Amino acid sequence: MRGLARQAATAALLLVAARSATAQERPRTRPELRLDATSARVSRLEGSAGLVVPLGIYGRLALSGGGGVARAAGATRTAARADAIARFELDPLNQRPHSVYLGGGVTWLATEGERGRAYLALVGALELKTRAGWVPSVELGIGGGARVGVAFRRAMQSWR
């Protein structure tokens, strides 16, 4: 019986040690801050905040919402945006200082005095080297017009 207890204690110790090892870190939900510009019939500039939710090793779901300004026909009005974009990470284990992700989803755009509208969004981004615990990225795509975005996501040690 003593041998069985020793084996169980050793197995429990190994499980705890493996769980706490950095290599065993799992992706977790992280905050993201964004600045997006969209150019179409209405030009827009919006700041937003949201969360990046892991969907597995390669998948992430970015949910964000915010507001800013829109300019059309010489008038400036307030604007709002909400995004739900599924991303596919090409380097999910953070093996290189730079990486690329591709994504698609839905963006909802609203302008003061007009009804909001949903659009299909397709994006591609270059993630840059981690700085001060944040991963900056530059994103290009379409969704309510041509869009350019800059995002800052909280970094993890061994995952993107």
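Shown above is the structure to which this text applies.
The shown structure was predicted, so the numbers you read here are calculated from the model rather than taken from an experiment.

## Digging into the sheet that holds strand β1 (residues 30-39)
- Spatially, the 8 strands close up into a barrel ordered β1-β2-β3-β4-β5-β6-β7-β8, and their pairing is antiparallel. Averaged over all pairs of adjacent strands, the angle between strand axes in this sheet comes to 25°, irrespective of strand direction.
- Here 9 bridges tie β1 to strand β2 (residues 43-54), and the two strands are oriented antiparallel to one another. Among the inter-strand pairings, L35 is bridged to a residue of β2, identified as G47.

## Observations regarding the layout of surface pockets
- Looking at the largest pocket, its volume works out to about 230 Å³.
- Surrounding the largest pocket, A40, R41, V42, R44, L109, A110, T111, E114, R115, R117, Y119 and G144 form its lining.
- Contributions of two or more residues to the lining of the largest pocket are made by β5 (99-111) and β6 (117-127).
- Per element, the largest residue contribution to the lining of the largest pocket is 3 residues, and it comes from β5.
- Looking at the lining of the largest pocket residue by residue, the classes come out as 5 nonpolar, 2 polar and 5 charged.

## Topic: the side chain of E139
- Its place among the elements puts E139 in strand β7 (residues 134-142).
- The exposure class of E139 is buried, given its relative accessible area of 5%.
- For E139, the side chain forms a polar contact with the side chain of R34, separated by 2.9 Å.
- Only 2.5 Å separates the side chain of E139 from the side chain of Y101, close enough to count as a polar contact.
- For E139, the contacting residues outside a window of four places in its chain are R34, R87, Y101, V123, G124, A125, R147, V148 and G149.

## Things to note about the nonpolar core
- One finds I85, Y101, A121, V123 and A125 forming the largest nonpolar core, which totals 5 residues.
- Here this core gets 3 residues from one element, more than from any other, and that element is β6.
- I85 has contacts with R60, L61, A62, G103, G104, G105, V106, A121 and V123, leaving out every residue within four places of it along the chain.

## A word on the side chain of T111
- Mapped onto the elements, T111 comes out in strand β5.
- Overall, the relative accessible area of 8% leaves T111 in the buried class.
- Setting aside anything within four residues of it in sequence, one finds T111 in contact with V42, R44, A70, R77, T78 and A79.

Conventions and cut-offs
Residues numbered from 1 in each chain as written. Predicted model: local features only at pLDDT ≥ 70, side-chain atom pairs only at ≥ 80, totals over all residues. Heavy atoms only, no water. Pairing = 2+ DSSP bridges. Helix = DSSP H or I, 4+ residues; strand = E, 2+ residues; numbered from the N terminus. Axes fitted to C-alpha atoms, helices over the stretch in contact; angles between N-to-C directions. 1 Å grid on protein atoms, 1.4 Å probe; cavity = no way out; pocket = protein on both sides within 12 Å on 5 of 7 lines; lining within 4 Å. Points joined across faces, edges and corners; volume = space filled by probe spheres on them. Nonpolar A, V, L, I, M, F, W, Y, C, P; charged D, E, K, R; others polar. Buried < 20%, exposed > 50% of the residue type's maximum accessible area, 1.4 Å probe, protein only. Polar contact = N/O pair within 3.5 Å; in protein donor to acceptor, adjacent residues only side chain to side chain. Contact = heavy atoms within 4.5 Å. Core = buried A, V, L, I, M, F, W, Y, C linked by side-chain atoms within 4.5 Å.

Worth remembering: the numbers are spatial, not functional.
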